[in-house]
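Chain residues, written in single-letter form:
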Amino acid sequence: MFNGNTWFTFLIFTLIVVVALLGNSLVIYVLVVRRKKFLNKPYSVFILNLAIVDFLTAIFLIVSRFLYLPETPTYNDTAAEVFCQTIWSGRFAFDMGYISVYTCVALTIERWFAVVKPNKYRSAKTRHAVYAVILVWFCGPAVNCTTYFRIKYNVEEKKCVWRTIPFAEEELPWIALAVQSIIPYTTMVVLYSHIYYTLKKLPRLTSNRDIQLRRITVVALLACSALILGWVPGRVTFMLTKFGHLDPNGSIHFTCVMITFLNSCVNPFLYGIYSPAFRAEYKKVFHYYYRKTVTVFRHSHVKPTPDQVQGNSLSEKAVSTLEQGKASSLSVKAEYNEGYAFTVKSASEQGNSIALMPVPNLARIPNDESAKVAPKESYMECSL
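No experiment lies behind these values; they were computed from the predicted model shown.

Analysis parameters
- Residues numbered from 1 in each chain as written.
- Predicted model: local features only at pLDDT ≥ 70, side-chain atom pairs only at ≥ 80, totals over all residues.
- Heavy atoms only, no water.
- Helix = DSSP H or I, 4+ residues; strand = E, 2+ residues; numbered from the N terminus.
- Buried < 20%, exposed > 50% of the residue type's maximum accessible area, 1.4 Å probe, protein only.
- Contact = heavy atoms within 4.5 Å.
- Areas by Shrake-Rupley, 256 points an atom, 1.4 Å probe, with all protein chains shown as cover.
- Phe/Tyr/Trp six-rings, centres within 6.5 Å; stacked < 30°, edge-to-face > 60°.
- Polar contact = N/O pair within 3.5 Å; in protein donor to acceptor, adjacent residues only side chain to side chain.
- Axes fitted to C-alpha atoms, helices over the stretch in contact; angles between N-to-C directions.
- Parallel < 35°, antiparallel > 145°, perpendicular 65-115°, else oblique.
- Nonpolar A, V, L, I, M, F, W, Y, C, P; charged D, E, K, R; others polar.
- Disulfide = S-S within 2.5 Å.
- Left-handed = near helix turned anticlockwise from the far one by under 90°.
- Pairing = 2+ DSSP bridges.
- Core = buried A, V, L, I, M, F, W, Y, C linked by side-chain atoms within 4.5 Å.
- Patch = residues over 30% accessible without salt bridge, like charges linked within 9 Å, V, L, I, M, F, W, Y side chains within 5 Å.
- Salt bridge = Lys/Arg side-chain N within 4 Å of Asp/Glu carboxyl O.

### Some remarks on the overall build of the protein chain
Working step 1: Across its full length, the protein chain carries 13 helices and seven strands.
Working step 2: Out of the 384 residues in the protein chain, the part that is buried amounts to 43%.
Working step 3: A sequence separation of at least 24 residues applies to 75% of the contacts in the protein chain between residues at least 6 apart.
Working step 4: Within the structure as shown, the protein chain displays about 21,600 Å² of accessible surface, and the carbon and sulfur contribution to it stands at 63%.

### Overview of the packing of aromatic side chains
Think of a pair of aromatic rings as described by two things: how far the centres are apart, and how the planes are tilted against each other in angle.
Working step 1: This structure, assessed with the given rule, holds 16 aromatic pairs.
Working step 2: Where phenylalanine 66 meets phenylalanine 94, the ring centres are 6.0 Å apart and the plane angle is 70°; that geometry is what we call edge-to-face. One end of the pair, phenylalanine 66, is in the loop between α2 (42–62) and α3 (77–88); the other, phenylalanine 94, is in helix α4 (residues 91–116), and 28 residues separate them in sequence.
Working step 3: Classification of phenylalanine 94 by relative accessible area gives buried; the value is 12%.
Working step 4: Through pairs of rings, three or more aromatic residues link up here, namely Phe13, Phe66, Phe94, Tyr98, Trp231, Phe254 and Phe261.

### So, α3
Owing to its 3.6 residues per turn, the α-helix aligns residues three or four sequence positions apart on the same side.
Working step 1: Buried within α3 we find Ala80, Phe83, Cys84, Gln85 and Trp88.
Working step 2: Between the side-chain oxygen at the start of α3 and the backbone nitrogen of threonine 78 there is a gap of 2.9 Å, and the oxygen is on asparagine 76.
Working step 3: Once α3 finishes, glycine 90 follows within two positions and takes phi at roughly 70°, a positive value.

### A short note on the packing of helix α1 (residues 7–34) against helix α11 (residues 267–274)
Working step 1: Their axes nearest at 8 Å, the elements α1 and α11 cross at an angle of 45°. Here α11 runs oblique to α1, going by the angle between their axes. Residue-level contacts link Val19, Gly23, Asn24 and Val27 of α1 to Pro268, Phe269 and Tyr271 of α11.
Working step 2: Its residues assigned to classes, the contact of α1 with α11 shows five nonpolar, two polar and no charged.

### Focus on the state of the cysteines
Linking two cysteines covalently through their sulfur atoms gives a disulfide.
Working step 1: Throughout the structure, instances matching the rule amount to one disulfide.
Working step 2: One disulfide bridge connects cysteine 84 with cysteine 160, the sulfur atoms lying 1.8 Å from each other. Negative torsions about the S-S bond denote left-handed disulfides, and the value of about -80° found for cysteine 84 with cysteine 160 makes this one left-handed. Placement of the pair is cysteine 84 in helix α3 and cysteine 160 in strand β2 (residues 159–162), with a sequence separation of 76 residues.
Working step 3: On the basis of relative accessible area, cysteine 84 is assigned to the buried category, the value being 0%.

### Here's the deal with the packing of α4 against helix α6 (residues 126–143)
Working step 1: Closest axis-to-axis distance for the α4/α6 pair is 8 Å, and the angle between their directions is 130°. With respect to α6, the axis of α4 lies oblique. Pair α4 / α6 crosses with right-handed handedness. Residues Asp95, Met96, Tyr98, Ile99, Tyr102, Thr103 and Ala106 of α4 form the contact with α6, whose participating residues are Val136, Trp137, Cys139, Gly140, Pro141 and Val143.
Working step 2: In terms of residue class, the contact of α4 with α6 is made up of ten nonpolar, two polar and one charged.

### Examining the pairing of β2
Working step 1: Here strand β1 (residues 151–154) runs beside β2; their pairing, made up of four bridges, is antiparallel. Residue asparagine 154 lies in a different strand from β2, and its bridge partner there is lysine 159.

### Structural notes on the nonpolar core
Working step 1: Of all hydrophobic cores here, the largest spans 63 residues; its most connected members are Phe13, Leu31, Met188, Phe261, Tyr271 and Phe278.
Working step 2: Contributions of two or more residues to this core are made by α1, α2, α4, α6, α8 (172–201), α9 (208–242), α10 (251–262) and α12 (276–300).
Working step 3: Take this core: its biggest share by element is 14 residues, from α4.
Working step 4: Contacts of methionine 188, omitting those with residues within four sequence positions, involve Val101, Cys104, Val105, Thr108, Cys224, Leu227 and Ile228.
Working step 5: With eight residues, the next largest nonpolar core counts Ala80, Cys84, Trp88 and Tyr153 among its residues.

### Remarks on a nonpolar patch on the surface
Working step 1: A grouping of Val19, Val218, Phe269, Ile273 and Tyr274 is seen on the molecular surface, where their side chains present a nonpolar patch of about 460 Å² in accessible area.
Working step 2: Top element by residues in the nonpolar patch is α11. It accounts for three residues.
Working step 3: Structurally, isoleucine 273 can be placed in helix α11.

### What about the pattern of salt bridges?
Working step 1: One pass over the full model with this rule turns up three salt bridges.
Working step 2: A salt bridge links arginine 111 to glutamate 110, with the nearest nitrogen and oxygen atoms 2.7 Å apart. Assigned by exposure class, arginine 111 and glutamate 110 land together as buried.
Working step 3: Where glutamate 157 meets lysine 159, a salt bridge forms, and the shortest distance between an N and an O atom there is 3.4 Å.
Working step 4: The exposure class assigned to lysine 159 is partly exposed, which follows from its relative accessible area of 41%.

### Some details on the side chain of threonine 241
Working step 1: Its place among the elements puts threonine 241 in helix α9.
Working step 2: In this structure the side chain of threonine 241 is engaged in a polar contact, spanning 2.5 Å, whose partner is the backbone oxygen of phenylalanine 238.
Working step 3: Residues in contact with threonine 241, not counting those within four places in the same chain, are Arg150, Leu246, Asp247, Pro248 and His253.

### Things to note about unusual backbone geometry
Working step 1: Backbone geometry at lysine 158 places phi at a positive 60°, although glycine is not the residue there.
Working step 2: With respect to the helices, strands and loops of the structure, lysine 158 is situated in the loop between β1 and β2.

### Observations regarding the side chain of threonine 108
Working step 1: Turning to its location among the elements, threonine 108 is positioned in helix α4.
Working step 2: Since its relative accessible area comes to 0%, threonine 108 is described here as buried.
Working step 3: Among residues more than four places away in sequence, those in contact with threonine 108 are Met188, Leu191, Tyr192, Ile195 and Cys224.

Right, here's the structure in full:
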């Protein structure tokens with residue numbers, strides 16, 4: 001656990017988790033449920049993947065050394081080692097982060113084709129974006145594989161600790177930095193610069209298609225920019241910890257990690273601010289659930305009157321005789337439950353044994369005033 005952990009940092013991480021779960025759930029709901037046709041566009045697949053990854057990041061962040069860390073299973077060294085590599089390290093949360101990075105790279109390439117190579121982009125299908133997402137899910141954990149060599153379980157002290165990479169100590173950190181940050185960030189910056197240059201050369205955008213193209217590109221640019229700005233400080237301090245210039249458990253690195261994970265709850269706000277389509281869907285969702293909540297609350301405080309109970313039925317209780325003969329009239333003992341419905345308790349007819357069995361719509365209580373206001377434990381006449 002970080003030395004910098006305090007009630008304030010726990011509060012901040014908790015807020016990040018809550019906002020990320022709610023915000024990204026809303027984005028997923030809008031894309032999948034409210035706007036299924038929206039997913040026919042390749043860029044929507046990448047936006048959906050970003051929301052799913054950020055949602056999973058929040059879940060993995062809950063059970064990690066950054067928030068609510070379980071006790072180390074010191075009773076078994078193997079279990080403790082697995083615990084250190086997975087839970088304590090927060091490895092899965094960082095894996096999700098690198099998946100987000102490469103998803104943004106894929107989104108940037110998609111936007112580049114849409115603006116710079118529109119003729120080729122017309123042949124792009126949703127399945128191509130799905131293939132790219134599958135590749136991204138392999139790349140994310142792959143570029144974070146060095147974490148496995150940097151964490152171990154200290155048997156003597158019975159705790160998880162960081163350690164120096166046992167091989168390629170000088171080269172491996174730079175390789176990791178290149179594939180985790182330098183290459184993807186540079187790719188995004190170069191391609192968006194080219195996109196901006198291309199849009200500046202085009203005539204003034206007037207058609208709806210051109211305006212939509214620009215809006216989508218701006219939203220993608222903002223999402224990628226937020227990711228870069230959020231991850232760069234953490235990458236810098238992370239490199240310093242690898243070379244021993246900064247305490248990996250210190251408050252400086254801890255703060256930068258907090259900024260890194262803050263990125264997981266930013267995108268839903270960006271979509272709502274800069275995308276009219278998302279903003280309209282957000283309003284519809286909020287309005288729908290607000291009305292539904294108010295309606296349920298009001299109905300829960302309204303108690304039906306006996307007049308609203310029409311035709312209370314004994315249809316679920318049919319009568320059959322166990323002896324020969326047919327009953328033409330019998331007395332049914334019914335209980336009036338809180339003014340709402342009758343419940344059959346027993347039945348008899350002049351010594352004949354009567355059995356009750358469920359057969360719908362065979363007997364019915366007369367719909368008159370005496371039936372509506374019958375007291376508890378009253379006897380009523382019912383004809384077959």
